[in-house]
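Observations on chain architecture
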Amino acid sequence: MCEYCGCQAVEAIGELTREHDTVVGLISRIRAAHGLHDVPELAALARAITTVLEPHTAVEERGLFPALVDDFPDQVAALHADHRRIEAVLGEAAGGTPADPAWPDRLVQTAELLREHILKEQDGVFPAALAGLSPEQWEAVDAVRSGVGSALPAPTA
């Protein structure tokens, strides 16, 4: 992912970026499982992505996006809409392997949307946050993270 603006040096963005990196790795596994027609594996991957995205999305929607919405209302609305579309398809696997034969193709399309969404955040949201958030707004982002935790292990030094 990006490293050009230095935003990853901010702990909150660094954690969001680590989550993005994890999800991108899972997306590549979706492509492979889809090629093998391994629907149970696709469902397991959807659940793994959901596990990573639940706290991630909470940090964005309750911490980062409120701080940016006044300056970027259309972009924030589009990101929220992406989240709902992604959650809907991933959620179809919450109880096991979906029986709908069209679900694997929907998952692949959703994985592509998620990949594009990640790029929008990495290249737009995170640099904008770095440039525009006040210390108090960063504290609010950190407070949300403290409340929701992370699905990833702590980074090693």
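Procedures and definitions
Counting starts from 1 at the beginning of each chain's written sequence and moves along it residue by residue. Selection of residues for local features in this predicted model requires a pLDDT of at least 70, selection of side-chain atom pairs for listing and counting requires 80 or more, and totals for whole chains, interfaces and linings are taken over all residues. Where side-chain values are given, they derive from all heavy atoms of the structure, hydrogens and water being excluded. By nonpolar core we mean a set of buried residues, namely Ala, Val, Leu, Ile, Met, Phe, Trp, Tyr and Cys, connected to one another through side-chain atoms within 4.5 Å. To sort residues, take the accessible area from a 1.4 Å probe on protein chains only and compare it with the maximum for the residue type: under 20% means buried, over 50% means exposed, and anything in between is partly exposed. Helix numbers and strand numbers start at the N terminus; a helix is a DSSP run of H or I with at least 4 residues, a strand a run of E with at least 2. Contact criterion: two residues are considered in contact whenever any of their non-hydrogen atoms come within 4.5 Å of each other. Side-chain atoms alone can form a polar contact between residues adjacent in sequence; in general such a contact is a pair of N or O atoms within 3.5 Å, and within protein one must be able to donate a hydrogen while the other accepts it. By this rule, a helix spans an expected 1.5 Å times one less than how many residues it contains. The directions considered for the arc run from the helix axis to the C-beta atoms.

1. Considering the nonpolar core
In this structure, Val23, Ile49, Trp103, Leu107 and Leu114 are the most contacted members of the largest nonpolar core, which totals 23 residues. Among the elements of the structure, helix 1 (11–35), helix 2 (39–68), helix 3 (73–91) and helix 4 (103–132) are those that each provide at least two residues to this core. Ignoring anything within four residues of it in the chain, the contact list for Val23 reads Ile49, Val52, Leu53, Leu114 and Ile118. In this structure, Phe65, Val125, Ala129 and Val144 belong to the second largest nonpolar core, which totals 17 residues.

2. Remarks on the side chain of His117
On the secondary structure map, His117 appears in helix 4. A polar atom in the side chain of His117 sits 3.0 Å from the side chain of His83. At 2.7 Å, the side chain of His117 and the side chain of Glu121 are in polar contact. For His117, the residues in contact, after removing those within four places along its chain, are Glu60, Leu79, Asp82, His83 and Ile86.

3. Observations regarding helix 3
An α-helix turns once every 3.6 residues. As a result, residues three or four positions apart point the same way. When the terminal C-alpha atoms of helix 3 are compared, their 27 Å separation across 19 residues agrees well with the 27 Å that a helix rising 1.5 Å per residue should span. Of all the positions in helix 3, only Val76, Leu79, Asp82, His83, Ile86, Val89 and Leu90 are classed as buried. Along helix 3, the residues classed as buried sweep out an arc of 150 degrees about the axis, all on the same side. Buried residues belonging to helix 3 abut helix 2 and helix 4.

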